[in-house]
Amino acid sequence: MNLKKTKYIFKQAFKNLWRNRVMGLASIGSIAAVLIILGFILLIVLNINNVALVTKETFDQIAVYVEEGIDESQIAQMGKDFGELEGVLAVGFETKEYALNKMKEDWGEDSYLLDGLRKNPLPNTFIVQLKDVSYADDVTEKLKAFDGVEEVSFYEDAVNTLIVIADFVKKLGVWLILILLLISVFIISNTIKITVLNRRKEIELMQYIGATNGYVRGPFIIEGIVLGVIGSFLAISILIFGFNYFSTLLSGRYIALLSGLASYIISVNLILKDLIIIFLTIGIGIGILGSLISLKKFLSV
Amino acid sequence: MIEFNNVSKIYKNDFVAVEDISLKIEAGEFLFIVGKSGAGKSTLIKLLLKEINPTEGTIRYKELDVTKIKKRNVAEYRRRIGFVFQDYRLLPKLTVYENIAFAMEMICCSSKNIRREIPIVLSMVGLSDKAKYYPDELSGGEQQRVSIARAIINKPETIIADEPTGNLDIETSAEIMKIFNEINKRGTTVIMATHDRELINRCNRRVVELKSGRIIKDIKVGGCEDEPKED
Ligand SMILES: Nc1ncnc2c1ncn2[C@@H]1O[C@H](COP(=O)(O)OP(=O)(O)OP(=O)(O)O)[C@@H](O)[C@H]1O
Ligand SMILES: [Mg+2]
């Protein structure tokens, strides 16, 4: 592989790209589409998994919301009774005032929204700490039976649901991506096919002369790679732009409502390096595969 | 040097294009393959160039069994053979000089080498003053000379031409033939398919005649040196 050969191959590749630019754009678009959807699915799965994981950590706690109008002595009694249940390690209590203050703190600048409330809507809450997660179902049942208990919330269901959703998204994603991959390989191979046909005379001649495979195939493979690389970077740019656009959009008015979630969210910026590597690999892979397919078909080399 | 052993080619549509051909060509020979249109001349040449594979039989080229050359080695094999087309096949956007340089670049050759060799072949085919011309600025005969120059630039052992004068008038054809004779005199084996009887009469060599895919005649007569008229 000498300099001259390299120069020739790249020059031809770019010439081909320019001559066949409409199909080239279609190819870039299709690669970018696959990768954007892949990135989107990756982000969703990663985030759902992450939320599930974080939630799991609070797994051995059960929140018990107390009904309105239960007085302090009754509450004290409930706390004592809860503590005596089998499998309970400790019982904590959060007053509704405390809960509201905490919420105000979380909401930060937007907390003035809460000032308008005439009545504190939040319930008094017991936090029941379990000795072990295996007691969760038993204890939940018993807690529900107490008078004055409005609701018992245990995260297991939520966590399981999240995991199921993440799984579903993953499976769906795999199929979606496989199909899209096929489509873009098809589009690329058609793009390259047009180039091959455009240059058939020249290639035929090269084959008669006995040009090395590098000369014959090189330009087409480079063409595929270039399409792949451009598609990858397009996809990354769109993902970053899109993600940040929606983040700022959300952090405007609504972020307060999502503030709980916000701390769980894995940003696209965090996995940027991995994304670039994954995207480039796939993009270039699609490009090369597309080239090879049309070369195989139309060049018999 | 080149040996066809009981070679048959049956195309996909069951058409038997050549049948049971056995033919030995010595190094340095000048061989005409003649026969009516459809007799199988081009098929024979394509077999030798490994553009197609025989249905039966073997083809040897020196130490190689042509039928067994692997795909990735075909290019290497073809470099040993220069090929001249009936329709010249020059690249239209390249000048005469660049067309020849292209053939060198594809295979080897430093720029220095290219600059040194091209003027030599150009003078050999009588086109020294047309190096900067584009193919569409040349006559058919001139284009064929460029094509010959391109075929010999890498100094192949064998030159194969499929009706190189098919598109040319008699005068021009004779000039082209002279170049081939020159090439042959320098030791290069030349194999040429043609149905131009005139050429053969002017320039008697070994003549293999095909009819419906079979060899019906294989005669060898005197060389061009004995040619009575012109020089
Ligand atoms: N790819 C192919 N598939 C089927 N039949 C073919 C194919 N190529 C050639 N033939 C047939 O084989 C026969 C011999 O063809 P070939 O090209 O060898 O003839 P030729 O002697 O070179 O003729 P010409 O002088 O017209 O060039 C012809 O009848 C042709 O129709
Ligand atoms: Mg023919």
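Residues numbered from 1 in each chain as written. Chains lettered and ligands numbered in written order. Predicted model: local features only at pLDDT ≥ 70, side-chain atom pairs only at ≥ 80, totals over all residues. Heavy atoms only, no water.

Asker: Teacher, can you tell me more about the confidence of the model for chain B here?
Answerer: For residues with low pLDDT, the predicted coordinates do not support detailed interpretation. Residue and element names in this part refer to chain B. Summarising the model, chain B shows a mean pLDDT of 89, and 94% of its residues fall at 70 or more. Predicted confidence for residues 226-231 stays below pLDDT 50, and this span has four contacts to residues more than four positions away or in other chains. Quick note on the complex model: pTM equals 0.70, ipTM equals 0.83. (pLDDT = per-residue confidence, 0-100. Contact = heavy atoms within 4.5 Å.)

Asker: Help me understand the interface of chain B and chain A in this model?
Answerer: One frequent convention defines the size of an interface as the accessible area lost when the parts assemble. With 20 residues of chain B at the interface, the matching set in chain A holds 14 residues. Roughly 1,700 Å² is buried in total at the junction of chain B and chain A, and carbon and sulfur atoms are behind 62% of that figure. The largest contributions to the chain B side of the interface with chain A come from Arg78, Phe102 and Met106 of chain B, which together make up 32% of the buried area. Linking Arg89 of chain B and Glu204 of chain A is a salt bridge whose minimum nitrogen-to-oxygen distance equals 2.9 Å. Counting across the chain B and chain A interface gives five residue pairs in polar contact (both at pLDDT 80 or more). (Buried area = accessible area lost by both parts, 1.4 Å probe. Salt bridge = Lys/Arg side-chain N within 4 Å of Asp/Glu carboxyl O. Polar contact = N/O pair within 3.5 Å; in protein donor to acceptor, adjacent residues only side chain to side chain.)

Asker: Explain a positive patch on the surface here, please?
Answerer: A cluster of like positive charges, contributed by Lys4, Lys7, Lys11, Lys15 and Arg19 of chain A together with Lys93, Lys112 and Arg115 of chain B, occupies part of the molecular surface. Looking at the positive patch, the elements with two or more residues in it are helix H1 (3-19) of chain A together with helix H4 (111-124) of chain B. Among the elements that make up the positive patch, the one with the highest residue count is H1 of chain A (five residues). Take Arg19 of chain A: its relative accessible area is 44%, and that puts it in the partly exposed class. (Patch = residues over 30% accessible without salt bridge, like charges linked within 9 Å, V, L, I, M, F, W, Y side chains within 5 Å. Areas by Shrake-Rupley, 256 points an atom, 1.4 Å probe, with all protein chains shown as cover. Lys, Arg positive; Asp, Glu negative; His and termini not counted. Charge placed at Lys NZ, Arg CZ, Asp CG, Glu CD. Helix = DSSP H or I, 4+ residues; strand = E, 2+ residues; numbered from the N terminus. Buried < 20%, exposed > 50% of the residue type's maximum accessible area, 1.4 Å probe, protein only.)

Asker: Teacher, can you tell me more about the sheet that holds strand E4 (residues 56-61) of chain B here?
Answerer: The strands that make up a sheet pair up through hydrogen bonds in the backbone, lying either parallel or antiparallel. All names here are of chain B. Read from one edge of the open sheet, four strands run E2-E1-E4-E5, paired in antiparallel fashion. Among the strands making up the open sheet, the edge pair consists of strand E2 (16-25) and strand E5 (64-65). With five bridges joining them, strand E1 (residues 2-10) and E4 adopt antiparallel strand pairing. Along E4, the bridge assignment pairs Phe4 with Ile59. Taken strand by strand, helix H1 (residues 41-48) contacts E1, E2 and E4, and its axis lies near 120 degrees from that of E1. (Pairing = 2+ DSSP bridges. Axes fitted to C-alpha atoms, helices over the stretch in contact; angles between N-to-C directions.)

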